[in-house]
Amino acid sequence: LLSVVEEQGQALMRAAFSPIVRECGDISAGVFDADGRMLAQAVTGTPGHINTMAEAVRILRSHFPASSMCPGDIFMTNDPWIASGHLNDFLLLMPVFRGDTVIGYTACTSHLVDLGGLGMGPEGADIYDEGLLIPPCTLVRNGVVNPLLMDIIRANSREPIANEGDI
């Protein structure tokens, strides 16, 4: 499992569009059991993401019960009270199936370059100054990307291509 999550983290970095992921490794990767308990975490990445990802997976599971999931689904949020603390960090959760049964999950967190707001820096007075907050939602259903969600993300970014590529 350790080599699986390490390969997951390395794949995130190799496929990244933005330098903060590709060169800085501002990511995390993990494998979870069917109850949402972390089984393994990648050494590659940011420790703060791993710590919050363990709790975020359990919370996302409460929004999306396993009985409603299909192969090819991916769920996402950047809610800082669920995921890793600020809007630029997106957590993605994908169920793993054996037949028709969810037997576990893979998850990753990745820092997106820009989500509108004031831009990079500590000047924000509240969360909305950081940019676009995305509540727990379905990014991919049955292998098909949610086009409206991607349109919203692109429309609220100074770096729409990098953000779409990193997601």
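Since we're looking at a predicted model, the values are computed, not measured.

A separate point is the pairing of strand 1 (residues 27-33). In terms of residue burial, strand 1 counts as a mostly covered element, since seven of its seven residues are buried. Burial along strand 1 is two-sided: the face carrying Ile27, Ala29, Val31 and Asp33 and the face carrying Ser28, Gly30 and Phe32 are both buried. For strand 1 and strand 5 (residues 101-111), the ladder comprises seven bridges, and the chain directions are antiparallel. Each residue of the ladder has a partner; that of Phe32, found in strand 5, is Tyr105. Both strand 1 and strand 2 (residues 38-41) contribute to a ladder of three bridges, which runs antiparallel. Paired with Gly30 across the strands is Gln41, a residue of strand 2.

Counted by the stated rule, this structure contains nine salt bridges. Among the ionic pairs, Glu23 bridges to Arg22, the shortest N-O distance being 3.6 Å. Residue Glu23 is classed as exposed on the basis of its relative accessible area of 60%. Linking Glu55 and Arg58 is a salt bridge whose minimum nitrogen-to-oxygen distance equals 2.9 Å. Of the two residues, Glu55 and Arg58 are both situated in helix 3 (residues 47-63); the distance of three residues between them amounts to about one turn of the helix. Glu55 gets classed as partly exposed once you look at its relative accessible area, which sits at 39%.

Time to look at the environment of Val113. Tracing the sequence through the fold places Val113 in the loop between strand 5 and strand 6 (137-141). Classification of Val113 by relative accessible area gives partly exposed; the value is 24%. For the pair Val113 and Ala162, spaced 49 residues apart in the sequence, the C-alpha separation amounts to 7.3 Å.

Moving on, we get to the side chain of Asn163. Relative to the helices and strands, Asn163 is located in helix 5 (residues 160-166). A distance of 3.2 Å separates the side chain of Asn163 from the backbone nitrogen of Val113, its partner in a polar contact. With residues near it in sequence (within four places) discarded, Asn163 still touches Leu112, Val113, Asp114, Leu115, Ile153 and Ser157.

Residues Met76, Phe90, Ile134, Leu139 and Ile153 are the most contacted members of the largest nonpolar core, which totals 22 residues. At the level of secondary structure, the elements contributing two or more residues to this core comprise helix 1 (2-15), strand 3 (74-77), strand 4 (89-98), strand 6 and helix 4 (147-155). Residues within four places of Ile134 in sequence aside, it is in contact with Met76, Thr77, Asn78, Asp79, Phe90, Leu149 and Ile153. By size, the runner-up hydrophobic cluster in this structure holds 17 residues, among which are Ala56, Leu60, Ala83 and Val102.

Glancing now at the packing of aromatic side chains. Throughout the structure, instances matching the rule amount to one aromatic pair. Consider the rings of Phe64 and Phe75, whose centres lie 4.4 Å apart with planes at 25°: the pair is stacked. A residue pair is termed long-range when its members are at least 10 positions apart, and Phe64 in the loop between helix 3 and strand 3 and Phe75 in strand 3 qualify at eleven residues. Accessibility classification places Phe64 together with Phe75 in one group, the buried group.

Taken as a whole, the largest pocket holds about 270 Å³ of empty space. Together, 19 residues line the largest pocket, and Ile74, Leu92, Cys108, Leu139 and Ile167 are the ones closest to its centre. Looking at the lining of the largest pocket, the elements that each hand over two or more residues are helix 1, strand 4, strand 5, strand 6 and helix 5. Tallied by class, residues from the lining of the largest pocket come to 14 nonpolar, three polar and two charged.

Definitions and cut-offs
- Residues numbered from 1 in each chain as written.
- Predicted model: local features only at pLDDT ≥ 70, side-chain atom pairs only at ≥ 80, totals over all residues.
- Heavy atoms only, no water.
- Buried < 20%, exposed > 50% of the residue type's maximum accessible area, 1.4 Å probe, protein only.
- Helix = DSSP H or I, 4+ residues; strand = E, 2+ residues; numbered from the N terminus.
- Pairing = 2+ DSSP bridges.
- Salt bridge = Lys/Arg side-chain N within 4 Å of Asp/Glu carboxyl O.
- Polar contact = N/O pair within 3.5 Å; in protein donor to acceptor, adjacent residues only side chain to side chain.
- Contact = heavy atoms within 4.5 Å.
- Core = buried A, V, L, I, M, F, W, Y, C linked by side-chain atoms within 4.5 Å.
- Phe/Tyr/Trp six-rings, centres within 6.5 Å; stacked < 30°, edge-to-face > 60°.
- 1 Å grid on protein atoms, 1.4 Å probe; cavity = no way out; pocket = protein on both sides within 12 Å on 5 of 7 lines; lining within 4 Å.
- Points joined across faces, edges and corners; volume = space filled by probe spheres on them.
- Nonpolar A, V, L, I, M, F, W, Y, C, P; charged D, E, K, R; others polar.

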